[in-house]
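Observations on chain architecture
Here is what each chain is made of, one letter per residue.
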Amino acid sequence: SKGNHRHYMLKEIYEQPVVVAQTLRSYLRRMDDQLALPVPDFDLDAIRRVTIVACGTSYYAGMVAKYWFEQFARVPVDIDVASEFRYRAPVMADGGLMIVISQSGETADTLAALRHAKAEGQKIAAVVNVPTSSMAREADLLLPTHAGPEIGVASTKAFTCQLAVLAAFAANLARAKGRLNPGEERELVRHLAEAPAALNAALAYDETIEAMADLVAHARDVLYLGRGPDYPLALEGALKLKEISYIHAEGYAAGEMKHGPIALIDDTVPVIVLAPSGPLFEKTVSNMQEVQARGGKVVLISDYDGVQAAGEGCIATITMPKVHPLIAPMVYAVPVQLLAYHVALAKGTDVDQPRNLAKSVTVE
Ligand code: M6R
C-alpha cells in the first residue's frame, strides 16, 4: 500500500534510507568494517574486463559504476544499453565479466544480452531486485538489491540500491585483484555505510524542492548538467522529468555544453546543475557560469561550501548535506527524483502510471 503517501513513487523515494541500509547489510560487515559479498564460483581475480549492460535508469547506475570499477579495481569497463549491445558484434575475450543491472530481472533486451554473453563464455553477474527473475536464475553470480517491490513506473529506490551494490562489488573486485589494502577497505566500507543517513538528510529538502517546482513546471525544455560520476545523475534527472511530467529534458556532461547544447540557452530554459563540492567542482562551476553569461537560469544543487562559492546568480539553490564523493551519486538522486515528482504534481500528470510506459519492458 501507499501508506500515508499520495503516490507509490513518493513512498518509494522515502523508503530509500531504509532499503539502502537493508541492501548494504548483506554486502558489508560493520563489526570490523569489511566487505562481505557472496563468493562466486569463478575466480574474481582472473577478471580482466567488465561489460555492463542495462536499460533506462539501471543503465545510468551502470554508468556510475564504470567510474568505480575503473578507479578502484583498474579494470577496463565497457558499457552499453542492452538494445545496442546485441547488434554491434561486441568483442568478448576470455576473462570477461558481464554485469547486467535490472530492477525487474526480466527486461527483454538485457536478458537477451545476458544469454548472448553467456554463450560466448563470459561470466555473468546480475544486480537485480526480483530474486526469482530470469536474470537472477541465469546468472553465475547473483547480487540482489533489497529494495522491496517497486510499483511506481519511475524507478527510484531500485536505482539507489543498485548503486549501493555496485559500489560494494567494485570494491570487492579491487580487493580480489590486490588493489585495496585493509585500511582502504575499512575506509570505503565506512563511507558507504554513511549513505542511509545522508539519504535521510537529503529527504529533508522535500519542501524546498516542492517550493521551486513552479520554476520548472512551465518550461518547455530543461537541461541537467553534471560531471564525472554525477554526469549519469544528470541523465537520470532528465529521464525522471521526461517520464512523469512530459517536459522535454536532456542531461549533458557539463563539459559538453560548449560543444553544441549551449546554443539552446536562453532565459526560458531552466538548467539544473548537479555539483557536489570536490575535485570536479571548479570545472562544473565554470561550465555553469558560461550558461549564466548567456542568460541561462540555473538551479544549483550542491552542498554548503558549493552553494557559498557559486550560488550567486542562480535562480535557486539546494544545499545538500556534505558527503563523501563515493556516495554523492546516491544522495544526489534524491533531489532529482523529488524535483521530477513535484513538477509532475504541479502539472497534474499521472505520476505512478505515466502515459505510454510499462513497468517492465518484456518486448525487444
Ligand atoms: O527492470 P529494469 O531495471 O531492467 O528496467 C529498465 C528500464 O525499463 C527502467 O529503468 C525505466 O527506464 C524506468 N521507467 C526509469 O524510471
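Just so it is clear, the structure is predicted and the values come from calculations on it, not from any experiment.

Detailed reading of predicted coordinates is not advised where the pLDDT is low. Per-residue confidence for the protein chain gives a mean pLDDT of 95; residues scoring 70 or more make up 100%. Of the two predicted TM-score estimates for the complex, the pTM is 0.97 and the ipTM is 0.99.

Here five strands make up an open sheet; going across it, the order is β9-β8-β10-β11-β12 and the pairing parallel. Only two strands of the sheet have a single partner each, and these edge strands are β9 (248–253) and β12 (316–320). This sheet shows a mean twist of 15° between the axes of neighbouring strands, independent of strand direction. The sheet contact formed by strand β11 (residues 297–303) and β12 spans five bridges and is parallel. When the sheet's bridge partners are listed, V299 is paired in β12 with A316. This element, helix α13 (residues 281–293), spans β8 (221–226), β10 (270–274) and β11 of the sheet and lies at about 165° to β11.

Turning our eyes to something else, we now look at the packing of helix α3 (residues 56–73) against helix α7 (residues 157–176). Between α3 and α7, the shortest axis-to-axis distance is 9 Å and the interhelical angle comes to 20°. As far as their axial angle goes, α7 and α3 are roughly parallel. For α3 against α7, the interelement crossing comes out right-handed. Residue-level contacts link T57, S58, Y60, A61, V64, A65, W68, F69, F72 and A73 of α3 to F159, Q162, L163, L166, A167, F169, A170, A171, L173 and A174 of α7.

Another point: the site of the ligand. Taken together, 14 residues are adjacent to the ligand, and S58, S102, Q103, T107 and E243 come closest. Within the contact set of the ligand, an oxygen atom lies 2.5 Å away from a side-chain nitrogen or oxygen of T107. In the model, a nitrogen atom of the ligand is placed 2.5 Å from a nitrogen or oxygen of the E243 side chain. When the free accessible area of the ligand is taken as 410 Å², the share hidden by the protein chains comes to 91%. For the shell around the ligand, the secondary structure elements donating two or more residues are α3 and α12 (231–245). Of the residues contributing to the shell around the ligand, the split by class is four nonpolar, eight polar and two charged.

Structurally, S102 is set in strand β5 (residues 96–102). A polar atom in the side chain of S102 sits 3.4 Å from the side chain of S104. Excluding anything up to four places from it in sequence, S102 contacts S58, T107, V127, V128, N129, M135 and Q162.

The next thing to look at is helix α8 (residues 182–193). An ideal rise of 1.5 Å per residue puts 16 Å on twelve residues; α8 measures up with 16 Å between its terminal C-alpha atoms. Buried within α8 are the following residues: E185, L188, V189, H191, L192 and A193. Its side-chain oxygen 3.1 Å from the backbone nitrogen of G183, N181 forms the N-cap of α8.

Generally speaking, nonpolar side chains in soluble globular proteins are found buried as a group. W68, F69, I99, F169 and Y224 are the most contacted members of the largest nonpolar core, which totals 101 residues. Here this core gets 13 residues from one element, more than from any other, and that element is α7. For W68, the contacting residues outside a window of four places in its chain are A73, L163, L166, A167, A170, L326 and P329. Judged by nonpolar contacts, the second largest core, of 19 residues, contains V269, F281, L300 and A310.

Note: strand β3 (residues 49–54) against strand β4 (residues 77–81), five bridges, orientation parallel. The residue of β4 that forms the bridge with I52 is I79. Handedness of the crossover is the feature at issue here: the chain leaves β3, passes through α3, returns alongside β4, and the resulting connection is right-handed.

A few words on unusual backbone geometry. Its identity is not glycine, yet A89 carries a phi of approximately 45°, on the positive side. Considering the arrangement of structural elements, one finds A89 in the loop between α4 (82–85) and β5. Under the relative-accessibility criterion, A89 is labelled exposed at 64%. Even without a glycine there, the phi angle at Y246 is positive, about 65°. With respect to the secondary-structure elements, Y246 resides in the loop between α12 and β9.

Once that is clear, we can look at α7. When the terminal C-alpha atoms of α7 are compared, their 29 Å separation across 20 residues agrees well with the 28 Å that a helix rising 1.5 Å per residue should span. With respect to burial, α7 is a largely interior element, 18 of its 20 residues being buried.

The next thing to look at is the pairing of β5. When you tally the buried positions in β5, you get seven out of seven residues, the bulk of the element. Of the two faces of β5, the one holding G96, M98, V100 and S102 and the one holding L97, I99 and I101 are both buried throughout. One ladder, built from six bridges, connects β3 with β5; its direction is parallel. For V50, the partnering residue across the bridge sits in β5 and is L97. In this sheet, strand β6 (residues 123–128) lies alongside β5 in parallel orientation, the contact comprising six bridges. Across the sheet, L97 pairs through a bridge with K123, a residue of β6.

Conventions and cut-offs
Residues numbered from 1 in each chain as written. Predicted model: local features only at pLDDT ≥ 70, side-chain atom pairs only at ≥ 80, totals over all residues. Heavy atoms only, no water. pLDDT = per-residue confidence, 0-100. Pairing = 2+ DSSP bridges. Helix = DSSP H or I, 4+ residues; strand = E, 2+ residues; numbered from the N terminus. Axes fitted to C-alpha atoms, helices over the stretch in contact; angles between N-to-C directions. Contact = heavy atoms within 4.5 Å. Parallel < 35°, antiparallel > 145°, perpendicular 65-115°, else oblique. Left-handed = near helix turned anticlockwise from the far one by under 90°. Near = heavy atom within 4 Å. Polar contact = N/O pair within 3.5 Å; in protein donor to acceptor, adjacent residues only side chain to side chain. Areas by Shrake-Rupley, 256 points an atom, 1.4 Å probe, with all protein chains shown as cover. Nonpolar A, V, L, I, M, F, W, Y, C, P; charged D, E, K, R; others polar. Expected span 1.5 Å × (residues − 1). Buried < 20%, exposed > 50% of the residue type's maximum accessible area, 1.4 Å probe, protein only. Core = buried A, V, L, I, M, F, W, Y, C linked by side-chain atoms within 4.5 Å. Right-handed = clockwise from strand over helix to strand, strands pointing away.

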